[in-house]
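Here is what each chain is made of, one letter per residue.
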Amino acid sequence: MKGHKSHRLFLIALTLLLGLTACSQNKENAASSETPSSPASPSASSSGAEESPDPFGKYDPPITISTVKVFNSADKFEPGETPEKNIWSDAILADLGIALKLNWSVIGDEPGGAGEQKLNITIASNDIPDIIPVNAKQLKQLVDNDMAEDLTGAIEKYASPQYKKFLESNGGLALKTATFDGKVRALPVTTAGLDDAPMIWIRKDWLDKLQLSEPKTMDDILAISDAFTNRDPDGNNQKDTFGLGIGKDLYNGGLHDLTGFLEGYHAYKNLWIEGADGKLVYGGIQPEMKTALAKLQEMFKTGQIDPEFGVKDAGKVNESVVSGKIGMFYGAHWNAFWPLPDSYKQDPNAVWKPYPIVSSDDKPASPSIGLGAGSYFVFKKGAAHPEAIVKLANYYADKEYGWDTGGIDLSFHQPVPNPDGYIRWRFAPVYATDPEQNINIYRGLKAVVENNDQNALKNLQVKDNYDNYTKFTKDGDQSQYATALWTAPQNSGLSVLDYYLSNGLGQADRFYGSKTDAMVDKQSTLEKLQLESFTKIVMGAASIDAFDQFVSDWKKLGGDAITQEVNDWYAANK
């Protein structure tokens, strides 16, 4: 919840999750242009606003704010609504006194697509609008060219309590990624960093059949893998099952992914973590990684891993999961929606249960989590009313997530029923997504199921999921299997995330700045070297001591230069 095929498969699964549960609106794409803002009346002047700042204060007379939009090729709008005039633009003018001027819109929000290209041209020509949606690289370009307004004061004065909570989630990391030299230069589109956390999915029915304990340590995981391989868990009197399912990309995609396994040994394959001397070190070259790879090589040599994993993408590994040939894999919470429903359809007796990652020693295993920033909205430096971008974020947060404030307005949501797939949120000039919405859904549903807390149902995301959960658990509606596996108070994907959150577990990248010069030049080469080296070691095509050569090569081929730049940044941003 940053195009390998596995990543594309992840997006397919996430799309299913969004459509079936209203769990997460990853509203991360948009774009840019320019038109000067209208002057404000004395009543809406900055001096008046400073005396009594109102997060939803209306400009009178109205001001004009220019922006641009990038749409997805699948976006469809109701007849009568256009990018220029729609429910969002009309309501924002009526409620906030902000007239939106759309300089241009384009279809193509994929990385490197038409939207990104047009934004690049807009930025290069210094022809940006008042509000421009950008990615991290474009944000850095705008900051370097002094084109991004400092929003620090505007956020402090005008951010609503609800929006402030969004920005403070995950330790405020999302906002830190938009901060340069102590100044906030953009509003991050907040995402749930916790949603990236890996977990272990295991055939509980196989555990029970073989009288195996649920995993508490990495030794338990190794014992389960061995038993699933050698003790005929499917009962067909053949040795045709594998203990652990993995795909050719090893740790890219969140499905059949080794991230959680490696982190059981406190090995972080692509994070910058703090070393004993207080400086940042790259997790992929640390001794813990060698230990983890050695275990995987042992598992491969003893037949616990499919010998053909090196040529199988996630879809191919799924076939083995669905056909009952794999009983354990590392993945993410959204695996409840894909591929596990297919396993359930194939064999309703296949009981899948998720577990938190476990540790190889007495130190708790801490899963990697994201920074919580998807993309950004920049306000053009020097344009009038920079506080307007914050008010627009407040407004979006309230209309979409104002369950407690009473601001929620379903007319801004997608139509219900919606057979044509119309979409409305894309029209908003600024997005402000709730990074804790999945956890809120889980905790709300849990409160209803376990404590009959009817108040939790005022959050309609909770209600929708609760209704579907009860359709499965009480009415036997098999089509709601995925929702139950995702949201159930116990033994669900979200229950694992809640465990992590409740226990303060989560390792985020300590480097959250823009790519350094050496990263731009060398990172892709180093990433390829790492994947190839790790794959050879796991498959036994190289000895475990080849890891030492990999570390040496990594350092010589640019790793040392990157490490120096990362620590220069770290020293300046502590």
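Preceding block: the structure.
All of these numbers come straight from a predicted model, not from anything done at the bench. (Residues numbered from 1 in each chain as written. Predicted model: local features only at pLDDT ≥ 70, side-chain atom pairs only at ≥ 80, totals over all residues. Heavy atoms only, no water.)

*Asks:* Tell me about the sheet that holds strand 11 (residues 352-355), and please be specific about residues and values.
*Replies:* Spatially, the three strands line up as an open sheet ordered 10-7-11, and their pairing is antiparallel. Looking at strand neighbours, the two that pair on one side only are strand 10 (328-331) and strand 11, the edges of this open sheet. Taking each pair of neighbouring strands and ignoring which way they run, the sheet shows an average axis angle of 25°. Relative to strand 11, strand 7 (residues 199-203) runs antiparallel, the two being bridged by four bridges. If you follow Arg203 over to strand 11, its bridge partner there is Trp352. Each of strand 7 and strand 11 is contacted by helix 19 (residues 493-502), which is oriented at about 140° to strand 7, the strand it contacts most. (Pairing = 2+ DSSP bridges. Helix = DSSP H or I, 4+ residues; strand = E, 2+ residues; numbered from the N terminus. Axes fitted to C-alpha atoms, helices over the stretch in contact; angles between N-to-C directions. Contact = heavy atoms within 4.5 Å.)

*Asks:* Please give an account of unusual backbone geometry that cites residues and values.
*Replies:* The residue after Asp60, namely Pro61, is reached through a cis peptide bond having omega 5°. Along the polypeptide, Pro61 turns up in the loop between helix 2 (46-51) and strand 1 (63-71). Backbone torsion omega between Trp338 and Pro339 reads 15°, so that peptide bond is classified as cis. Inspection of the secondary structure puts Pro339 in the loop between strand 10 and helix 14 (340-346). Positive phi outside glycine occurs at Leu250, with the angle close to 65°. Here Leu250 falls in the buried class, since its relative accessible area comes to 2%. (Buried < 20%, exposed > 50% of the residue type's maximum accessible area, 1.4 Å probe, protein only.)

*Asks:* Which residues make up the packing of aromatic side chains, and what values go with them?
*Replies:* Think of a pair of aromatic rings as described by two things: how far the centres are apart, and how the planes are tilted against each other in angle. Counting across every chain of the model gives 30 aromatic pairs. Relative to Phe77, the ring of Phe71 lies with its centre 5.3 Å away and its plane at 70°, an arrangement referred to as edge-to-face. The positively charged end of Lys118 is found above the aromatic ring belonging to Trp104, 4.9 Å away from the centroid. Of note, Lys391 hangs over the ring of Tyr59, and the distance from its end group to the ring centre comes to 4.2 Å. (Phe/Tyr/Trp six-rings, centres within 6.5 Å; stacked < 30°, edge-to-face > 60°. Lys NZ or Arg CZ within 6 Å of the ring centre and 35° of its normal.)

*Asks:* Residues and numbers for the packing of helix 12 (residues 287-301) against helix 20 (residues 517-538), please.
*Replies:* Contact geometry for helix 12 and helix 20: axes closest at 8 Å, N-to-C directions at 45°. Classified by the angle their axes make, helix 12 and helix 20 are oblique. Contacts between helix 12 and helix 20 involve Met289, Leu293, Leu296, Gln297 and Phe300 from the first element and Phe534, Ile537 and Val538 from the second. (Parallel < 35°, antiparallel > 145°, perpendicular 65-115°, else oblique.)

*Asks:* Lay out the pattern of salt bridges in plain terms, naming residues and giving numbers.
*Replies:* Tallied over the entire structure, the rule returns 24 salt bridges. Two residues, Lys248 and Asp249, come together in a salt bridge whose shortest N-O distance is 3.6 Å. For the salt bridge of Lys316 with Glu319, the shortest nitrogen-to-oxygen distance reads 3.8 Å. In this pair, Lys316 and Glu319 are both assigned in helix 13 (residues 314-322), three residues apart and thus about one turn of the helix distant. (Salt bridge = Lys/Arg side-chain N within 4 Å of Asp/Glu carboxyl O.)

*Asks:* Describe helix 12, and please don't skip the residues or the numbers.
*Replies:* If you check helix 12, its first and last C-alpha atoms are 22 Å apart, about what 15 residues at 1.5 Å a residue would give, namely 21 Å. Here helix 12 has its buried residues at Met289, Ala292, Leu293, Leu296, Gln297, Met299 and Phe300. One side of helix 12 holds all its buried residues, which, seen down the axis, span an arc of 160°. Residues of helix 12 that are exposed and angled more than 90 degrees away from the buried face: Pro287 and Lys301. Contacts from the buried residues of helix 12 go to helix 10 (218-230), helix 11 (259-263), helix 20 and helix 21 (546-573). (Expected span 1.5 Å × (residues − 1). Arc of directions from axis to C-beta.)

*Asks:* Which residues make up the nonpolar core, and what are the values?
*Replies:* Within the largest apolar cluster, 104 residues are counted, with the highest numbers of intra-cluster contacts made by Phe261 and Leu296. For this core, the leading source of residues is helix 21, giving eight residues. Leaving out residues up to four positions away in the same chain, Phe261 has contacts with Met218, Leu222, Leu244, Ala292, Lys295, Leu296, Met299 and Tyr330. If you look at the next biggest cluster of nonpolar residues, it comprises 42 residues, including Tyr59, Ile63, Ile98 and Tyr431. (Core = buried A, V, L, I, M, F, W, Y, C linked by side-chain atoms within 4.5 Å.)

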